[in-house]
Each structure stands twice: as structure tokens, then as C-alpha cells.
Amino acid sequence: TMPPALGIALLYALLTPSLSERKDAVLRLNKDVLSDALTGSLRQGNTLQGALGEVPLGSGRGLLGNGGLLGGGGLLGVLGEGGLLGTVQGLTGLRIVELTLPRVSLRLLPGIGVHLNLYTRVALNAKSLLGLLDIAVEVNITSRVRLTMDGTGYPKLVTERCDTLLGGIKVRLLRGLLPVVDNLLASVLNRLLPNLLCPVVDVALGLVNDQLGLVNSLVPLGLLGSIQYTVSSLPLVTGQFLEVDLNTVVGQVAGGLVDYPLGKTEAVPTPPWVPMPPLPPMVDTSSSQLGLSVNFLSSVLSVLQKEGALDLDISTGMFPELPPLTTSTLGALVPAVFEAYPESHELLLKIAVPEAPVVTLKKNKGVLQLMATAEVMVIHPDDVQRSLCLLNINTSLLAQFSVEDNKLKIGVSLEKADVSLVSSSVGGFDVSLLEMLVDQIFDVAFLPAMNSVLGVGVPLPRLLNIDFTSADIDVMEVSAQAFPE
């Protein structure tokens, strides 16, 4: 199959609360993703061989084993020695020797789930008074499958109805074939194969359900926090795709875990909740689509800010591209500094981010409003530090988004910065004299450090092993107002 087309939409949208349930992310996938998952589950762990392989009826283990569902004393005991066929034409020891990998096709049933069709070939053999019989049967298994939620909030596919339609039955016998045997086999197989093959559908769906359940997950956010994804409501099925709404909880590692189904971290306060808009239409060439809300991105940045991951201390020599951080360097720009410190002292620049950055998503771009403080400390003998001045730096950062290793990567660059003086031990001065130095410090030191933190990436939710690496990313804006939670 060709590599699937993937898409991610970052959505900044404000709707009335009545138009939007609480959700932070939306996952969509088309029927081909489900079909591939079912085919993979039929291959996984020798599912077919384990259920319908070369196991004589009435012996062995598993589904066909003695005392098992399909083994001796079970559903197909009637086919064994002394059973129905054993009393007609002397047939004994009927057993299944091969089941080919089914060809899977399906269509989505809006509001319900899936109509599933499996085409396969079943090979059986048996002993008769005339010799060994080799029997080949073509079978179409059709199932109506409903998408539900189990009691723990996991999406689940459940078979509502299952039927089989037998194609040609071919019986080979060295000395010919008695028509009565052929007719009897057709009658018996028509009656028993549905009970034999429909459990294969349940086994395959069970493996797919295991994968669906993985969308409810607790994943690390680097070393500083974690993200918990949980399905928020019954998934939507349309004629084009399956849509799963997700809630997210972004927490700090230090918050600890409690006995929730997935564990729960200490949630970080975030700006007022912004209802999420509908995703843009999913194009026919896309196999899947993921929408992430501005609330989710804000929560991630809130964790990083609260953990102090965005704070940075800078001293002389840390960044060779910067001029020496001394009172002499600063005094050349601000005369009051030179007057207070005629002899050069080293400086320590302490940049802190006291509030979570505010995320705004506009058409084709993201913007972070980040307020930082920069305290300039003079280092005196014996490493005594005294504050020289405290600055507020209000910045607008442009954000670029990409996906690597199924993680959303964010890179920021400086759009503009406004500097203001909060306090000074040398009296008031014109802070515009420092703007070029502040811009240089941001470009050379602060933003590379911030990008290093953001470069760890935000793990994206997984559904049926979809990997969004190298997905197309659309940044969208819908205008309205925010609503409190």
C-alpha cells in the first residue's frame, strides 16, 4: 500500500459553549486504517493457526482443543468420530488443516460502526470408507460491528451479527465421490461453519480493540511532566471517517500519581478554556487527521513555565557570541552604571518567566506572548550579589511547528521585544539604550535555550499505530471570544 497522507490542524477557535463539548484534541481516521488494523490483527500471533490451524477435532489445545469451544465435546464434536458424519458413509476424523489469510473489506456505517467482510478459503480433510477426503470451501464472512464505549471509557468494536456464505465446495477422493457425501458435506458445513468462523472475527476485533484502547494513554513530556489522553465521548462514525474526541491533562511529574485508570498528574492552571471548533474537511487522499486546540498547547507551555524550564541564568563566557557581561560593558551604554561602578565587576543576568506564555494561533502562524524579567546582578568580592536593575521584557515570539518521531516540535524566533525598567540601584535611566543588547541576548542565549526545551517535543496521541511524522500542518484561526470553564 502507498504511504498514507496525514494532516494536523492547530486550532484557535472560539465558539459558544453550546456548540462544543469539552475536548482538547480530535483524531480522525478513514476506513483503510481500520482495514489495515484488522488485516494486521489476523496476522498477529498466528491468530488463524491458533484458532483454526492443523489441530484435529477432539484433540490438542486452544479453541480446537479437547474440551475447548470447538474441540471434542464442544461445538464441533458432532463432526468427530461417532458424530453426525461418522454415521453416514463412514466418515470419521474430520479436521481443519488450513485457513487462508482472509481478504478484508469494510465500509463505515454512519452512527453505528462497520460492515465487515472477510473472504477466505478453508481446507479440511476426513477419513471415509472409500479413503481420505480433501475438502476445500470458499467462505465469505459478513459481520455488522458496532462501535461502543466500555465501562472504563475505552472505545470498543462489538459484533452484533455474523453470517457466512459458502461458495464452491470441492471434495477430492482417489476412487471418486459419491454425490450423497457431497450433498451431506454441503448441508453440514452450511450449518456449522458460521459457528466455527465467526469467532475468528471476534478474535481479530479483540486485537483491534487492544490497539484502540491505547489512545487512552499517559505519556511523558520530557523529564518535566506528562500528558494524559482520554477519550471524552462515544466516537463518531460517518460515511467517510471515524472521529475520536480526546481530553488532555498536562501535569507536572512532581505532582505524583493516584489510582486513576491511567494515573493522574497534578494539573497545571491554564488560561480560560477556549472551545474547539470543528476540524476542516478531511480530503479523500488523507488516511487520518489530528486537530490540537490552543488550550492543549497553552497547558504544555504552562508546565514548562511552572517547572522553571524557561528560566535562564547567564554569566560572562557562557555564550562567546555575547560581549563580556560586566559593569564596564553596561556602563558604556548607561552612564549611570559607569558612575556607580568605575571599576569593572562581573555581572550575572537572571532571566525568569513568571507567567505562562499566552498562545495565539492565527492563519498560517503561531504567536507566543511571553513576559520575562531580567535582573542584572553585580558580583562583588566573596561572590556577594547585589541587584543593579530589574527589567520587564514583553516579547512577541513567532512559532513554527513540525512533527518528528510522532512528536510536535515547536521552534520560536523573536518578532519584537519591549523593555521597561522596574527598579534600579543607580537611579532611573533610558532603557532604550539597552534594547540592542537585550535583542542580542535573546537571539544568542535565551531563545536557543527555549528552543532546546521545546525541541524535546510534545508526544501526540496514537490510534491504531498512526504515526504523524512529517504530516502536513495547518494553523488556523476562527474569531470569537473565550469562555470560562
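Above this note sits the structure.
Source: prediction; values computed, not measured. (Residues numbered from 1 in each chain as written. Predicted model: local features only at pLDDT ≥ 70, side-chain atom pairs only at ≥ 80, totals over all residues. Heavy atoms only, no water.)

1. Topic: the pattern of salt bridges
- In the structure shown here, the tally under the stated rule is seven salt bridges.
- In this structure, D313 engages K350 in a salt bridge whose closest nitrogen and oxygen atoms are separated by 3.5 Å. Here K350 lies in strand β16 (residues 347-352) and D313 lies in strand β15 (residues 312-315), a separation of 37 residues in the sequence.
- Taking the relative accessible area as the measure of exposure, K350 reaches 30% and is therefore partly exposed.
- In this structure, K409 engages E404 in a salt bridge whose closest nitrogen and oxygen atoms are separated by 3.7 Å.
- Under the relative-accessibility criterion, K409 is labelled buried at 16%.
- What emerges from the salt-bridge pattern is a single network uniting R144, R146 and E160. (Salt bridge = Lys/Arg side-chain N within 4 Å of Asp/Glu carboxyl O. Helix = DSSP H or I, 4+ residues; strand = E, 2+ residues; numbered from the N terminus. Buried < 20%, exposed > 50% of the residue type's maximum accessible area, 1.4 Å probe, protein only.)

2. Describing the state of the cysteines
- Across all of its chains, the model carries one disulfide by this definition.
- There is a disulfide in this structure between C162 and C198, and the S-S distance comes to 2.0 Å. Linking C162 and C198, the disulfide has an S-S dihedral of approximately -90° and is accordingly described as left-handed. Taken as a pair, C162 in strand β8 (residues 155-172) and C198 in helix α3 (residues 179-213) lie far apart in primary sequence, 36 residues in all. The two residues C162 and C198 agree in class, both being buried. (Disulfide = S-S within 2.5 Å.)

3. Here's the deal with helix α1 (residues 31-43)
- When the terminal C-alpha atoms of α1 are compared, their 19 Å separation across 13 residues agrees well with the 18 Å that a helix rising 1.5 Å per residue should span.
- For α1, every residue scored as buried is listed here: V33, L34, S35, A37, L38, T39, S41 and L42.
- Residue N30 occupies the N-cap position of α1, its side-chain oxygen lying 3.1 Å from the main-chain nitrogen of D32. (Expected span 1.5 Å × (residues − 1). Polar contact = N/O pair within 3.5 Å; in protein donor to acceptor, adjacent residues only side chain to side chain.)

Interpretation in functional terms is not warranted from these geometric data alone.
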